[in-house]
Amino acid sequence: MNTLPPPPDALLLPVRDPRVRDLVLDYADMQALVADLVLPGDASMYVMSAMETSRELIRHSYYRYEFATVAVTHSLFALEHVLAERLGTNEPLHVLIERATDASLITAGLAAELDRSRMLRDNLTQGAESSAAVRPLRAVAMVGAVFDAVSLLLRPEPAAEATAADVGGAQPEGGLAGLWEDHLRALFPDGFRGVDFDGVDLVLLDADVAGLVQRELEGGIDDSGIAYLWGCIADLDKIVPLINEEYCASYFANLRTMAQVAAAPYIPTAI
């Protein structure tokens, strides 16, 4: 007599959500998307659990597209908890983000990205957004911002203040290096390759700024490089207000911040 259980119903096995067919070839490739979402070792178990769950929800959006949106909203549990502990107050999330920005615990650019996640959560609560509002790639960027903020907020206070220093003032080397690492983790905006705004090619501008920042980190920019960098900043000032897609606007606003920090020690010269 055969006592083995019957084979599982094929319909009950998870299958790829057709909406991710252009994202990855198979489930194993989802690991590359979340590889940079590294859990901070000094977080509490509550925060670690919320952040790890958010990361795994993105990975499993391969099977259920809506998990990407859930990942973003779930990550806010960790953010709100860490902000409340660091600031010593229990207030609405948007107030906590504002307080952390005013205290230079996080940068204005990072705060803007966190607030987009907060508004997504609020819109979902009010029925103004669906659970499929966020694509997996966008979820990586939004959850990544929470990971970055939590890591920053958990640092000792002097280190946090140094990293989040105002870009208009003197900047430590670590500040630029941190912005550079954030830039390397960021994904270039989908659908904007080959696009230009007011005659400025986005891919070329991104590459030019990246090359100049890398030269600054490796030993400094010469006079021609300094002039070119200030020219890039002028282009960024021109095109960022023209970008009407959230992630793309945030990406190039962050690029502008990094360029400004790299250029801050130098006096602008004519191009």
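Here goes a summary of the coordinates provided. Given the structure is predicted, the values throughout are model-derived calculations rather than measurements.

A closer look at the overall build of the chain
Inference 1: Helix and strand content of the chain: eleven helices and two strands.
Inference 2: Ordering the α and β elements of the chain from the N terminus gives α-α-α-α-α-α-α-α-β-β-α-α-α.
Inference 3: Counting the 271 residues in the chain, one finds 40% classified as buried.
Inference 4: Within the chain, residue pairs in contact and separated by at least 24 positions form 70% of the contacts whose partners lie at least 6 positions apart.
Inference 5: By element, 55% of the accessible surface of the chain is carried by carbon and sulfur atoms, the whole surface being about 14000 Å².

Re the layout of surface pockets
Inference 1: The volume enclosed by the second largest pocket comes to roughly 240 Å³.
Inference 2: Together, Arg116, Met119, Leu120, Asn123, Glu129, Ala133, Val134, Arg135, Arg138, Met142, Glu245 and Glu246 line the second largest pocket.
Inference 3: Contributions of two or more residues to the lining of the second largest pocket are made by helix 5 (108–125) and helix 6 (136–153).
Inference 4: Here the lining of the second largest pocket gets four residues from one element, more than from any other, and that element is helix 5.
Inference 5: Of the residues that constitute the lining of the second largest pocket, the class distribution is five nonpolar, one polar and six charged.

With respect to the packing of aromatic side chains
Inference 1: Going through the model one piece at a time under the given rule, you end up with seven aromatic pairs.
Inference 2: Residues Phe188 and Phe252 carry aromatic rings whose centres are separated by 6.0 Å and whose planes lie at 85° to one another, so their mutual orientation is edge-to-face. A residue pair is termed long-range when its members are at least 10 positions apart, and Phe188 in the loop between helix 8 (173–185) and strand 1 (196–197) and Phe252 in helix 11 (residues 246–263) qualify at 64 residues.
Inference 3: Residue Phe252 is classed as buried on the basis of its relative accessible area of 0%.

Some remarks on the nonpolar core
Inference 1: Ranked by size, the top nonpolar core spans 45 residues in total, and within it Ile58, Leu79, Leu83, Ile106 and Leu114 carry the most contacts.
Inference 2: Only helix 1 (30–34), helix 2 (45–59), helix 3 (67–87), helix 4 (93–102), helix 5 and helix 6 provide two or more residues apiece to this core.
Inference 3: Among the elements that line this core, the one with the most residues is helix 6, at eleven residues.
Inference 4: Formed by 32 residues, the second largest nonpolar core is a distinct cluster that contains Val209, Cys232, Ala249 and Met258.

Parameters and conventions
Residues numbered from 1 in each chain as written. Predicted model: local features only at pLDDT ≥ 70, side-chain atom pairs only at ≥ 80, totals over all residues. Heavy atoms only, no water. Helix = DSSP H or I, 4+ residues; strand = E, 2+ residues; numbered from the N terminus. Buried < 20%, exposed > 50% of the residue type's maximum accessible area, 1.4 Å probe, protein only. Contact = heavy atoms within 4.5 Å. Areas by Shrake-Rupley, 256 points an atom, 1.4 Å probe, with all protein chains shown as cover. 1 Å grid on protein atoms, 1.4 Å probe; cavity = no way out; pocket = protein on both sides within 12 Å on 5 of 7 lines; lining within 4 Å. Points joined across faces, edges and corners; volume = space filled by probe spheres on them. Nonpolar A, V, L, I, M, F, W, Y, C, P; charged D, E, K, R; others polar. Phe/Tyr/Trp six-rings, centres within 6.5 Å; stacked < 30°, edge-to-face > 60°. Core = buried A, V, L, I, M, F, W, Y, C linked by side-chain atoms within 4.5 Å.

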